[in-house]
Amino acid sequence: MIEISKLKVHLGEFRLKDIDLCIDEGAFFVLMGPTGAGKTVLLEAIAGLTPVLGGRIVVGGRDITRLAPEKRGVGIVYQDYALFPHLTVERNITFGLRYQRHDRAAAGKGLSRLVDELGIGHLLGRHPETLSGGELQRVALARALIVEPRVILLDEPLSALDQGFREEIRLLLKELHRSSRVTFFMVTHDFSEALTLATKAAIMHEGAIVQTGAVRDIFQRPACAFVADFVGMKNILPAFFDGTTAKVGVLSIEIPHRHRNSSGYLAIRPEDIVLSLKPLESSMRNSFTGVITGIIDQGFLYEVHVAVQDLVLRSLITKGAAVDLGLDIGLGVLVSFKTSTVHTF
Amino acid sequence: MARREPFFWVSVSCGIVVLAFILLPLWEMLTAPSYAMLKETLHDKTVLHSIWLSIYTAFAAAAIAFVFGTPLAYVLARTHFRGKRLVEGIIDLPIVIPHPVVGIAILGVAGRNHWLGQVMSELGLRIMGSTTGIITVLTFVGMPFYINTLKSGIEAISPRLENVARSLGAPLWSTFARITFPLAWRSVLVGFIMCCARAISEFGAVVVVAYHPMIAPVLIYERYEAYGLKYSQPVAVWLVLVCLTLFLVLRALALPGKKAA
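Residues numbered from 1 in each chain as written. Chains lettered and ligands numbered in written order. Predicted model: local features only at pLDDT ≥ 70, side-chain atom pairs only at ≥ 80, totals over all residues.

Enquirer: I tried to follow the overall build of chain B on my own but got confused; where do I start?
Expert: Looking only at helices and strands, chain B features 12 helices and 0 strands. Listed by position from the N terminus, the elements making up chain B come as α-α-α-α-α-α-α-α-α-α-α-α. By principal-axis analysis of the C-alpha atoms, chain B measures approximately 75 × 65 × 30 Å. Taken across its 261 residues, chain B has 34% of its residues classed as buried. In chain B, of all internal contacts separated by at least 6 residues, the share reaching a separation of at least 24 is 78%. (Helix = DSSP H or I, 4+ residues; strand = E, 2+ residues; numbered from the N terminus. Buried ≥ 20, exposed ≤ 12 C-beta atoms within 10 Å, placed from the backbone. Contact = placed C-beta atoms within 7 Å.)

Enquirer: What is the right way to look at the overall build of chain A in this model?
Expert: The helix and strand inventory of chain A stands at 9 helices and 20 strands. In terms of its C-alpha atoms, chain A occupies a principal-axis envelope of roughly 75 × 45 × 35 Å. For chain A, buried positions account for 38% of its 345 residues. The contacts in chain A between residues at least 6 apart in sequence include a share of 65% that link residues at least 24 apart.

Enquirer: Even after reading the chapter, I still don't get the environment of A:Glu193, so can you show me in this structure?
Expert: All names here are of chain A. Locating Glu193 in the fold gives a position in helix α6 (residues 191–197). Considering only alpha carbons, one finds Glu193 and Arg170, 23 residues apart in sequence, at a separation of 7.8 Å. In contact with Glu193, other than residues within four places in its own chain, are Leu158, Arg170 and Thr188.

Enquirer: So what exactly am I meant to see when it comes to helix α9 (residues 172–200) of chain B here?
Expert: Count 3.6 residues to each turn of an α-helix, and residues three or four apart come out pointing the same way. With 29 residues, α9(B) extends only 35 Å from end C-alpha to end C-alpha; this falls clearly short of the ideal 42 Å at 1.5 Å per step. Considering bend angle alone, the principal kink of α9(B) is centred on B:Trp185 and spans about 55°. (Expected span 1.5 Å × (residues − 1). Bend = angle between axes of the 7 residues up to and from the residue.)

Enquirer: Even after reading the chapter, I still don't get the packing of α9(B) against helix α12 (residues 229–254) of chain B, so can you show me in this structure?
Expert: Helix packing geometry: the angle between the two helix axes and the distance between the axes. Residues and elements named next belong to chain B. One way to put it is that α9 packs onto α12 with a least axis distance of 9 Å and a crossing angle of 170°. When the axis of α9 is compared with that of α12, the two are roughly antiparallel. Within the contact between the two elements, α9 uses Arg186, Leu189, Val190, Ile193, Ala197 and Ile200 and α12 uses Cys243, Phe247, Leu250, Arg251, Leu253 and Ala254. Grouping the amino acids of the contact of α9 with α12 by side-chain chemistry returns 10 nonpolar, no polar and 2 charged. (Axes fitted to C-alpha atoms, helices over the stretch in contact; angles between N-to-C directions. Parallel < 35°, antiparallel > 145°, perpendicular 65-115°, else oblique. Nonpolar A, V, L, I, M, F, W, Y, C, P; charged D, E, K, R; others polar.)

Enquirer: What should I look at first to understand the interface of chain B and chain A in this one?
Expert: It is common to report an interface's size as the accessible area lost on association of the parts. Counting from both sides, the interface comprises 16 residues of chain B and, opposite them, 18 residues of chain A. Counting residues per element, the ones that place at least two in the side of chain B that touches chain A are α8 (159–167) and α9 of chain B. Per-element accounting of the side of chain B that touches chain A gives the leading share, 7 residues, to α8(B). The class makeup of the residues in the side of chain B that touches chain A is 10 nonpolar, 4 polar and 2 charged.

Enquirer: Teacher, can you tell me more about the sheet that holds strand β7 (residues 151–155) of chain A here?
Expert: All names here are of chain A. Within the open sheet, the 6 strands sit side by side as β6-β7-β8-β3-β9-β10. Their pairing is mixed. If you trace the sheet from one side to the other, it starts and ends with β6 (74–77) and β10 (208–214), each paired once. Adjacent strand axes in the sheet meet at a mean angle of 20°, parallel and antiparallel pairs treated alike. Two elements, β7 and strand β8 (residues 183–188), share 5 bridges in a ladder whose sense is parallel. Within β8, the position partnered with Asp155 by the bridge is Val187. Sitting on the sheet, helix α4 (residues 133–146) touches β6 and β7, and the angle it makes with β6 is about 175°. (Pairing = 2+ DSSP bridges.)

As structure tokens, this is what we get:
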């Protein structure tokens with residue numbers, strides 16, 4: 001178990017404020033947040049590479065807050081892999097072995113097992129400069145895992161990779177986590193990575209943790225406007241609540257349950273908003289007429305902006321559907337969404 | 001072909017003037033002495049001894065800079081502390097102080113009137129007019145070149161490599177020996193060469209502290225004063241040739257496989 005309480009770090013202008021986190025032993029935990037939120041600083045603080053001003057870090061019942069980095073049993077894998085350029089792949093991987101109390105035979109077994117698992121046997125004699133991104137990442141993981149740390153910190157392990165490698169390494173991370181007893185603590189700014197890899201997550205913003213919990217909960221029930229925006233809820237609207245109705249400007253929107261406050265926000269994911277030309281025969285209780293004010297190309301999808309009275313709702317629609325409906329700027333459309341897709345906070 | 005801008009021609013002309021300015025006097029000096037004179041100078045024990053002394057003391061100075069400067073360069077490259085600018089400024093002082101002043105300053109500490117001079121004299125260390133004195137002066141003037149070169153070399157190495165080494169269990173000392181130093185060794189060598197080059201060229205400070213034993217620049221000056229240009233040139237030629245050869249060899253050692261650094 002990792003317990004971080006009231007952790008404070010000052011790094012020039014940047015500050016980590018009272019970080020509290022609790023991560024189960026052997027979990028796959030994800031820390032998310034936009035660039036500059038302080039994710040890497042938090043990782044380096046846990047690894048002992050950044051001085052801590054206050055608070056405590058306890059790993060497996062041992063207070064490691066003031067320990068030297070080499071005595072913590074915390075491994076780190078950087079986004080740029082940080083392989084030692086002057087050493088071969090094999091010597092990179094075995095770098096940390098001499099500092100562990102392993103017998104040689106066990107260490108040799110550990111090496112061959114990891115090398116097999118990661119499929120890097122053919123690379124052992126090569127230097128890092130000749131490897132591809134995916135290969136570098138595998139070597140970096142092997143180097144960190146061979147010393148059997150309690151926790152491994154992964155700083156955006158997938159973001160520097162090409163799409164093809166990314167999928168491959170993502171599966172590999174899942175597999176490595178399953179086969180080792182190590183706690184994985186991964187930083188990412190990509191929500192889809194969190195959804196596929198982790199069970200629990202924390203969201204960080206401007207040096208503070210703004211929400212922690214199960215990944216699905218964060219995705220479905222963001223605690224604040226920042227998290228909602230971060231997890232891709234594009235329609236975040238200030239609202240007044242009255243029973244199971246929310247007043248947003250002049251619109252009345254049906255919500256799934258009563259809200260504890262009289263005012264707050266409601267959020268609807270753009271993919272949950274359906275556009276049509278005629279009223280739909282469905283259970284969708286919320287349906288409004290509007291006018292298309294913008295269409296943004298997002299690769300496979302269009303993000304369509306629809307002005308409904310005095311607000312703008314955003315909907316994601318496939319390109320095929322957009323052509324079928326003949327969507328164009330200035331066209332009047334119906335905007336519909338289910339009550340259950342409306343999230344309030 | 002596209003027409004060159006006037007600025008291009010201005011740059012080229014300035015470049016030619018600068019190169020000629022550097023090369024012309026050197027070329028004149030190198031070609032002035034006859035072959036017979038050069039050969040005869042080589043049989044002169046005083047000349048050989050002074051060139052050897054120049055090289056030996058310069059290398060000794062660079063070795064001292066290596067031992068004391070390496071840890072300092074590492075600390076300056078990797079840490080931020082209050083007063084770091086001041087420390088860097090102090091290290092640069094020997095570069096800006098006029099050379100004879102350096103000599104006088106060192107004599108001031110090494111003389112019998114200073115406690116340090118008394119301690120040294122009790123230990124049997126003599127600065128005035130000794131090889132020890134020459135090495136002291138050369139270390140003083142050469143040290144900043146070694147430290148500054150190595151400091152920029154270490155700064156160019158990603159601290160993340162050291163972070164990873166630490167997280168794998170390596171203590172600071174081991175991390176330095178296995179990661180930082182092997183990656184910075186070219187900067188170490190270049191810094192060493194810079195320090196040597198600066199030391200070999202020193203004259204003003206050495207002449208104050210130790211006229212004898214005579215290093216090559218002092219001998220060249222003495223011959224020039226006593227016998228004129230013609231007799232000082234062959235010694236100068238030999239000093240330049242020996243130094244150039246040494247530095248070319250060291251440079252060649254430092255350059256290949258640059259991508260690994």
